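# Secondary and tertiary structure notes
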Amino acid sequence: MTTEKRKLYELPEPSTAAVTDANLQVVGKTGVLKFDYVRDGTPYRSGLRFLGVVASRTYSERCSTVWHIEQCYDALCEVENSDWIVEIRRQMPDRYQGEFNVHHFMIYLDSAGCFDVLAESFESLKEEFGSWEPVKQNLAI
């Protein structure tokens, strides 16, 4: 079985235009990857919502490999024939096997790293004006 990636979504602007650090928050079975960016001098925010999350992991930029970056730079991909799905499924009790219908999603964002999510589905959040949080200034003393 060959593991391949299939591109599903591309960021509206490159992650090099980020205003704040991207972050993934998972609460219960819902995960949200928030990112923001500047277009023509104006900050915008958007993100991805993952539904039916069963697992997630994040690799910092320095821990990401070529595998994490290829095809996934500023793009959400589905990892087909995922070893991670096989690993998680193997750990699950038999009574949950029939309910396990998840996809392996992966995206790499500049300076943030790689975000991996096992979830039933994803949706993109509507683009809005503004940043997710105020820009923090370096106040070195």
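Look up: the structure comes first, before these words.
Residues numbered from 1 in each chain as written. Predicted model: local features only at pLDDT ≥ 70, side-chain atom pairs only at ≥ 80, totals over all residues. Heavy atoms only, no water.

### Focus on the sheet that holds strand E8 (residues 113-119)
Whether parallel or antiparallel, the strands of a sheet pair through hydrogen bonds between backbone atoms. Ordered by their spatial adjacency, 5 strands build an open sheet running E1-E6-E7-E8-E5, and the pairing between neighbours is antiparallel. Edge positions in the sheet fall to strand E1 (4-10) and strand E5 (55-59), since each of these pairs with one other strand and no more. The sheet shows a mean angle of 20° between the axes of neighbouring strands, direction not considered. Here strand E7 (residues 103-109) pairs with E8 via 7 bridges, running antiparallel. Within E8, the residue paired with Phe 105 across the bridge is Val 117. Helix H2 (residues 83-91) contacts E5, E7 and E8 of the sheet and is inclined by roughly 50° relative to E8. (Pairing = 2+ DSSP bridges. Helix = DSSP H or I, 4+ residues; strand = E, 2+ residues; numbered from the N terminus. Axes fitted to C-alpha atoms, helices over the stretch in contact; angles between N-to-C directions. Contact = heavy atoms within 4.5 Å.)

### Details of H2
Residues of H2 that are buried include every one of Trp 84, Ile 85 and Ile 88, and no others. The arc that holds the buried residues of H2, viewed along the axis, is 100°, so those residues lie on one side. Along H2, exposed side chains directed more than 90 degrees from the buried face belong to Asp 83 and Arg 90. On its buried side, H2 packs onto E5, E7 and E8. Regarding H2, its N-cap is Ser 82, as a side-chain oxygen of that residue lies 3.1 Å from the backbone nitrogen of Trp 84 further along. (Buried < 20%, exposed > 50% of the residue type's maximum accessible area, 1.4 Å probe, protein only. Arc of directions from axis to C-beta. Polar contact = N/O pair within 3.5 Å; in protein donor to acceptor, adjacent residues only side chain to side chain.)

### So, the environment of Met 106
Here Met 106 is to be found in strand E7. Overall, Met 106 belongs to the buried group, its relative accessible area being 1%. In sequence terms Met 106 and Trp 67 are 39 residues apart; their C-alpha atoms lie 10 Å from each other. For Met 106, the residues in contact, after removing those within four places along its chain, are Lys 5, Trp 67, His 68, Cys 72, Ala 75, Leu 76, Cys 77, Val 79, Cys 114, Phe 115 and Asp 116.

### Points about the pattern of salt bridges
When their charged atoms lie close together, side chains carrying opposite charge are able to pair. The full count for this structure, using the stated rule, is 8 salt bridges. Residue Glu 78 is joined to Arg 6 by a salt bridge in which the shortest nitrogen-to-oxygen separation is 2.7 Å. Of the two residues, Glu 78 is situated in strand E6 (residues 75-80) and Arg 6 in strand E1; the sequence distance between them amounts to 72 residues. Looking at Glu 78, the relative accessible area reads 11%, which means it is buried. Notably, a salt bridge pairs Glu 127 with Arg 39, separated by 2.7 Å at the nearest N-O pair. Residue Glu 127 is located in strand E9 (residues 121-129), and its partner Arg 39 is located in strand E3 (residues 30-39); the two are separated by 88 residues in the primary sequence. Among the charged side chains, a salt-bridge network with shared partners connects Arg 6, Glu 78 and Glu 80. (Salt bridge = Lys/Arg side-chain N within 4 Å of Asp/Glu carboxyl O.)

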